[in-house]
Amino acid sequence: MEQLFWACLAGGVLFAVVSVVLGDIVSSALDGVLDFLSFDGVRKLNPMVVATFVTVFGGAGLLLMHYTAIGAFLTVAGAVVAAVAVAVGIYYAYVRPMENSENSTSFSMSELSGRICEVLVPIPPRGYGEVLVKVGAGHTNQIAASFDGETLAAGTRAVVVEVRDDTLYVARLNDDRT
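Residues numbered from 1 in each chain as written. Predicted model: local features only at pLDDT ≥ 70, side-chain atom pairs only at ≥ 80, totals over all residues. Heavy atoms only, no water.

**A short note on helix 2 (residues 47-67)**
This is how it is decided: In DSSP terms, a helix is any run of H or I states spanning at least four residues, a strand is any run of E spanning at least two, and both are numbered starting from the N terminus. Here the expected length of a helix is defined as 1.5 Å per residue gap, with one fewer gap than residues. Any residue under 20% of the maximum accessible area for its type is buried, any over 50% is exposed, and the rest in between are partly exposed; the area is computed with a 1.4 Å probe on protein chains only.
For helix 2, built from 21 residues, the straight-helix expectation of 30 Å at 1.5 Å per residue is met to within 8% by its first-to-last C-alpha distance of 30 Å. Regarding helix 2, the residues found buried are Val 49, Ala 51, Thr 52, Thr 55, Phe 57, Gly 58, Gly 59, Ala 60, Gly 61 and Leu 62.

Shown next, in the form of structure tokens:
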């Protein structure tokens with residue numbers, strides 16, 4: 001039993017060292033060969049959580065075996081309980097917040113329909129100008145044309161009516177702020 005605990009502890013420590021020191025190099029070299037290990041169907045089985053479980057199982061098993069007088073079954077059970085507790089703690093304290101903090105600044109042009117924008121470069125009745133549209137946590141400048149053939153001066157608030165051929169067709173926004 002001691003060999004199993006030592007193997008789990010050593011394997012977990014080795015995994016941690018290799019992933020920290022050589023993580024990017026190994027990932028680039030293998031080019032997705034080990035993607036099957038990510039357990040995409042079960043989000044809670046993140047590789048970090050699995051490695052934590054294995055490492056703590058080995059370490060707790062060794063500690064319980066050497067510093068308590070309990071039997072082999074209770075040693076394994078105690079090591080499993082400790083490993084599950086620490087792995088769940090790692091998941092909720094570190095992995096889950098990191099997954100939720102991932103943001104993307106990408107957007108689709110079709111998502112811009114109905115958005116409020118501000119005219120930066122005046123839009124003539126039959127031509128193009130530029131508008132500033134708030135997207136997520138940032139802003140994007142886009143080519144725009146007048147939807148209804150009206151001249152829109154710089155600083156005018158407008159609404160994106162439709163998107164065609166990567167051009168936003170906008171109309172003046174009639175609200176109390178204009």
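**What about the pairing of strand 1 (residues 116-121)?**
Regular strands place side chains that alternate from one sheet face to the opposite one. Spelled out, the test is: When DSSP finds two or more bridges between two strands, those strands count as paired.
Pairing between strand 1 and strand 4 (residues 157-164): 3 bridges, direction antiparallel. When the bridges of strand 4 are listed, Cys 117 appears paired with Ala 158. Where strand 1 and strand 2 (residues 128-135) come together, 4 bridges link them in antiparallel fashion. In the sheet register, Cys 117 faces strand 2, and the bridge partner there is Val 133. Taken together, strand 1 and the strand that follows it, strand 2, pair antiparallel across an intervening segment of 6 residues.

**Considering the side chain of Thr 55**
Using the following cut-off: Side-chain atoms alone can form a polar contact between residues adjacent in sequence; in general such a contact is a pair of N or O atoms within 3.5 Å, and within protein one must be able to donate a hydrogen while the other accepts it. Contact between two residues is taken to exist if any of their heavy atoms lie within 4.5 Å; hydrogens are not considered.
Examined against the element boundaries, Thr 55 turns out to sit in helix 2. Looking at Thr 55, its side chain comes within polar contact range of the main-chain oxygen of Ala 51, at 2.7 Å. Dropping the residues within four chain positions of it, Thr 55 is found in contact with Cys 8, Leu 9, Gly 12 and Val 13.

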